[in-house]
Amino acid sequence: MTLRVAIVGSGPAGIYTAEALTKQSAGPVEVDVLERLPTPYGLVRYGVAPDHTSIKSIAHYLRRVLETPGVRFLGGVELGADLHVEDLLACYDAVVYCTGAMVDRQLGIPGEDLPGSVAATDFVNWYCGHPDAPDFTLDVAEVAVVGVGNVAVDVVRILAKTADELRATDIPEQVLTALAESRVKRIHMIGRRGAAHAKFTLKELRELGELLNADILTFPDEVAVEDLTDLSRQVRGNVDVLQAWSTRPPQDRPRRLEVRFWLRPVEILGVSRVEGIRLERTRLEDGRVVGTGEFETIPADMVLRSVGYRSVPLPGVPFSERSMTVPNEAGRVRDREYVAGWLKRGPTGVIGTNKSDAAETVRTLLAEVVPEPARPTLDDLLAARGVTPVTYQDWLAIEAAEEKLARTLDRGEKVKLVGRAAMLDAFGGADRR
Ligand SMILES: Cc1cc2nc3c(=O)[nH]c(=O)nc-3n(C[C@H](O)[C@H](O)[C@H](O)COP(=O)(O)OP(=O)(O)OC[C@H]3O[C@@H](n4cnc5c(N)ncnc54)[C@H](O)[C@@H]3O)c2cc1C
Ligand SMILES: NC(=O)c1ccc[n+]([C@@H]2O[C@H](COP(=O)([O-])OP(=O)(O)OC[C@H]3O[C@@H](n4cnc5c(N)ncnc54)[C@H](OP(=O)(O)O)[C@@H]3O)[C@@H](O)[C@H]2O)c1
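Residues numbered from 1 in each chain as written. Chains lettered and ligands numbered in written order. Predicted model: local features only at pLDDT ≥ 70, side-chain atom pairs only at ≥ 80, totals over all residues. Heavy atoms only, no water.

**Student:** Let's hear about the domain arrangement of the chain: which residues, and what values?
**Tutor:** Domain boundaries assigned for the chain yield domain 1 (3-102 + 311-387) and domain 2 (104-308). Here the C-alpha centre of domain 2 lies 33 Å away from the C-alpha centre of domain 1. In this complex, domain 1 contributes twelve residues to the contact, which on the side of domain 2 involves 19 residues. Summed over both sides, the interface between domain 1 and domain 2 buries roughly 1,200 Å², with carbon and sulfur atoms accounting for 57% of that surface. Of all residues in domain 1, Tyr46, Pro50 and Asp51 give up the largest surface area on contact with domain 2, accounting jointly for 47% of the area buried on that side. Where domain 1 packs against domain 2, one counts three salt bridges. Taking the shortest distance from any N to any O, the salt bridge between Lys161 and Asp51 comes out at 2.7 Å. Where domain 1 packs against domain 2, one counts five residue pairs in polar contact (both at pLDDT 80 or more). Looking at the side of domain 1 that touches domain 2 residue by residue, the classes come out as six nonpolar, two polar and four charged. (Domains from an automatic or database assignment. Contact = heavy atoms within 4.5 Å. Buried area = accessible area lost by both parts, 1.4 Å probe. Salt bridge = Lys/Arg side-chain N within 4 Å of Asp/Glu carboxyl O. Polar contact = N/O pair within 3.5 Å; in protein donor to acceptor, adjacent residues only side chain to side chain. Nonpolar A, V, L, I, M, F, W, Y, C, P; charged D, E, K, R; others polar.)

**Student:** Mind laying out the site of ligand 1, listing which residues take part and the relevant values?
**Tutor:** Taken together, 32 residues lie around ligand 1, and Glu35, Leu43, Trp342, Gly349 and Ile351 are the ones closest in. Within the backbone of Arg36, one N or O atom sits 3.1 Å away from a nitrogen atom of ligand 1. Across the complex, the protein chains shield 92% of the 1,000 Å² of accessible surface that ligand 1 would expose by itself. Contributing elements (two or more residues each) for the shell around ligand 1: helix H1 (12-23) and helix H7 (150-160). For the shell around ligand 1, the per-class residue count stands at 18 nonpolar, ten polar and four charged. Here the shell around ligand 1 gathers at least three residues from each of two domains, domain 1 (3-102 + 311-387) and domain 2 (104-308). (Near = heavy atom within 4 Å. Areas by Shrake-Rupley, 256 points an atom, 1.4 Å probe, with all protein chains shown as cover. Helix = DSSP H or I, 4+ residues; strand = E, 2+ residues; numbered from the N terminus.)

**Student:** How would you explain the UniProt feature "binding site: NADP(+)" (unreviewed entry) in the chain if you had to name every residue and give the values?
**Tutor:** Within this numbering scheme, the UniProt entry marks Arg192, Arg193, Glu204 and Gly349 as carrying the feature "binding site: NADP(+)" (unreviewed entry). On the secondary structure map, Glu204 appears in helix H10 (residues 202-209). (UniProt positions renumbered as here; feature names shortened; annotations may be inferred.)

**Student:** Now, about the site of ligand 2: what can you tell me, with residues and values included?
**Tutor:** Looking at ligand 2, there are 23 residues lining it, with Val148, Arg192, Arg193, Glu204 and Gly349 nearest. Arg193 has a polar side-chain atom sitting 2.8 Å from an oxygen atom of ligand 2. Residue Lys199 places a side-chain N or O atom 3.2 Å away from an oxygen atom belonging to ligand 2. When ligand 2 is considered free in solution it has 930 Å² of accessible area, and contact with the protein chains removes 84% of it. A per-element tally of the shell around ligand 2 places H7 first, with three residues. Class assignment of the residues belonging to the shell around ligand 2 gives a composition of ten nonpolar, seven polar and six charged. Both domain 1 (3-102 + 311-387) and domain 2 (104-308) contribute no fewer than three residues apiece to the shell around ligand 2.

**Student:** Give me the lowdown on the side chain of Ser306, citing residues and values where you can.
**Tutor:** Relative to the assigned elements, Ser306 resides in the loop between strand S14 (302-305) and strand S15 (309-310). With a relative accessible area of 9%, Ser306 lands in the buried category. Engagement of the side chain of Ser306 in a polar contact is seen with the backbone nitrogen of Ala152, the distance being 3.2 Å. Non-local contacts of Ser306, meaning those with residues more than four positions away in its chain, are made with Ala120, Val145, Val146, Gly147, Val151 and Ala152. (Buried < 20%, exposed > 50% of the residue type's maximum accessible area, 1.4 Å probe, protein only.)

**Student:** Which residues make up the UniProt feature "binding site: FAD" (unreviewed entry) in the chain, and what values go with them?
**Tutor:** Taking the numbering used here, the UniProt-annotated feature "binding site: FAD" (unreviewed entry) corresponds to Ala13, Glu35, Leu43, Leu79, Trp342, Gly349, Val350 and Ile351. Considering the C-alpha atoms alone, the annotated residues occupy 339 residues of sequence and remain spread out, their largest mutual distance being 25.0 Å. Note on placement: Leu79 falls in the loop between strand S3 (71-74) and helix H5 (85-91). Once residues lying within four places of it in the same chain are set aside, the contact partners of Leu79 are Val8, His84, Val85, Leu88, Tyr97 and Leu314. Checked against the element boundaries, Gly349 lands in the loop between helix H13 (342-345) and helix H14 (353-368).

**Student:** Can you break down the sheet that holds strand S12 (residues 276-285) residue by residue, with the values?
**Tutor:** The strand order across the open sheet built from three strands is S11-S12-S13, with neighbouring strands paired in antiparallel fashion. Looking along the sheet, the strands with just one partner apiece sit at the ends: strand S11 (263-269) and strand S13 (288-299). On average, each strand axis in the sheet is tilted by 25° relative to the strand beside it, whichever way the strands run. The pairing of S12 with S13 spans nine bridges and is classified as antiparallel. Across the sheet, residue Thr282 finds its bridge partner in S13, namely Gly291. (Pairing = 2+ DSSP bridges. Axes fitted to C-alpha atoms, helices over the stretch in contact; angles between N-to-C directions.)

Written as C-alpha cells, this is what we have:
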C-alpha cells in the first residue's frame, strides 16, 4: 500500500525529507511538498547571499528531488491559512513540518523600534527579492551591524560591495539600483564577545578581507586572545585573520568596515529615527558576558540587528516558547506528526546539516506509520476552498521568466522577479495567491 506524506515547507529540510522518503525501500510512497510561497527552496532562494553562486547551485540538486516520480510541489498553500493540521491528518498518513525560522530575534533594548533599526531578516529578504520584504533605500552613510555570525557577514558584504560587483547575480533589479545609489561609507560589525567567540566561519570571514571597495579594520586590543592553545583550527584561523587586519594599512577605498569586539548594545539612540548606538564594553565572568560600566557611542543612521532567526508557532502544532522549536523525539512530535530542519533543532547549521536531520526524522516516521487505504485527497479539499496551488510546471515558468529578464537586462543567468503578482503573471496565474 502507498504511504502518503505531506511535507510543509520546501526549504532544504522539506526537500531532503522528500528525498529520504523516496529513497527508502520499505514500500511505495507519494509525497506532497506544500509551500506558502509560489517558489520552492526556502532560504536557498531567499537567504543564501546572491553573490554565493556556488552555494545557491544546491538548488540544482534540490530540483531533482522535486522532479522524482511520486513527489509533487504545491506552492501558494499555507498551513494555518489555507488549511489546518486536521485537514492534513485526514488526507495523509503522516505530516512533516519543515517551516524553518522566518522571523528575527529581538535585542530587547530601548530604541529597537526606531525607524532605521532594521532586522537582518528583513534586509536579507529585501536583497534576495522575497515577496514579503519591505523596501529599502540606502540613503545612509554609517551603518552598525549587531552580531558576528555568518548572516552578519553576508549583510556587511552586500553593503560593502559595489552594485557592479553584484550585477551578474540574481539580485533583483530594484535592489541593484538601490545599491548603486547607496551612500554607505562606514560599516561597523559589532560582537558582544571576543574574536575567539565569533560565530562566523573562516571562509566567510576571509571573503571580507578580499572586498575591493572597502578597507577593513580591527583594533589590536579587541582582537587580542590570551590563550590560543585550546582553540579549534577554525577559531584559530578567525583570530589570525582578525589580528592581521589590525595592522593592515588602509588603502583609501570608498568604504570602511570596522569589526569590533567586546561591545554589547544597550540602546539604539535617536529621536524620530536612528542616530547612533550606545554600547557597553564587556568581559567574560564565569563564561557569561558582563558589562564593565564603560560605554561607547557609535554614530549610525541605520542599525542592522543580525542576532539570529526564530521559528514561529504553527497553529495547532506544539511549540516550545523557550527553545522556539517544536518539541520532538528524533523528529516525532505526536502520532503521525513529525518535524525536521530549523523548526526541529533551532536556527543553526548549514544547508547540508538538514540532510542528516531529515534522514533521522524519516527513519522515525517509517518505523511507526502504517499507510491507510482510503483517505480524502488534498486536491479536492483545496478545490472546495477555491485554492489553486502553484505547480512545479508553474514554478518552471517563473524560473524561465527570471532567465528571460536577465537576458533583457544583459545580466547573469537569472534576475529575480519581485512580488507575488510578477511571479504569478509568469505562468498566467493571476488568480492564485
Ligand atoms: C540569511 C541566511 C543565509 C544563509 N546562507 C547559507 C549559506 O550560504 N550556506 C549554507 O550552507 N547555509 C546557509 N544558511 C543556512 C540554511 O539556509 C538553513 O540551514 C536552511 O535553509 C534551513 O532549512 P529549513 O528547510 O529548515 O528552513 P527554510 O529554508 O527557511 O525553509 C522553510 C520553508 O517553509 C516555508 N513555510 C513557512 N511557513 C509555512 C507555512 N505555514 N505553510 C507552508 N510553508 C511554510 C517557507 O516559505 C520556506 O520556504 C543561511 C541562512 C540564512 C538565514
Ligand atoms: N555562508 C554560510 O555558510 C552561512 C551564511 C549565513 C548563515 N549561515 C548559517 O545560518 C545560521 C544562522 O546564522 P546567524 O548569523 O543568523 O546566527 P548565529 O550564527 O547564531 O550568530 C548570531 C550572532 O548574534 C549575536 N547575538 C545574539 N544575541 C545577541 C545580543 N542580544 N546582543 C548582541 N549580539 C547578539 C551572537 O553572539 P553570541 O555568540 O555572543 O551569542 C552571534 O554573534 C548559522 O548556523 C550560520 O552558520 C551560514
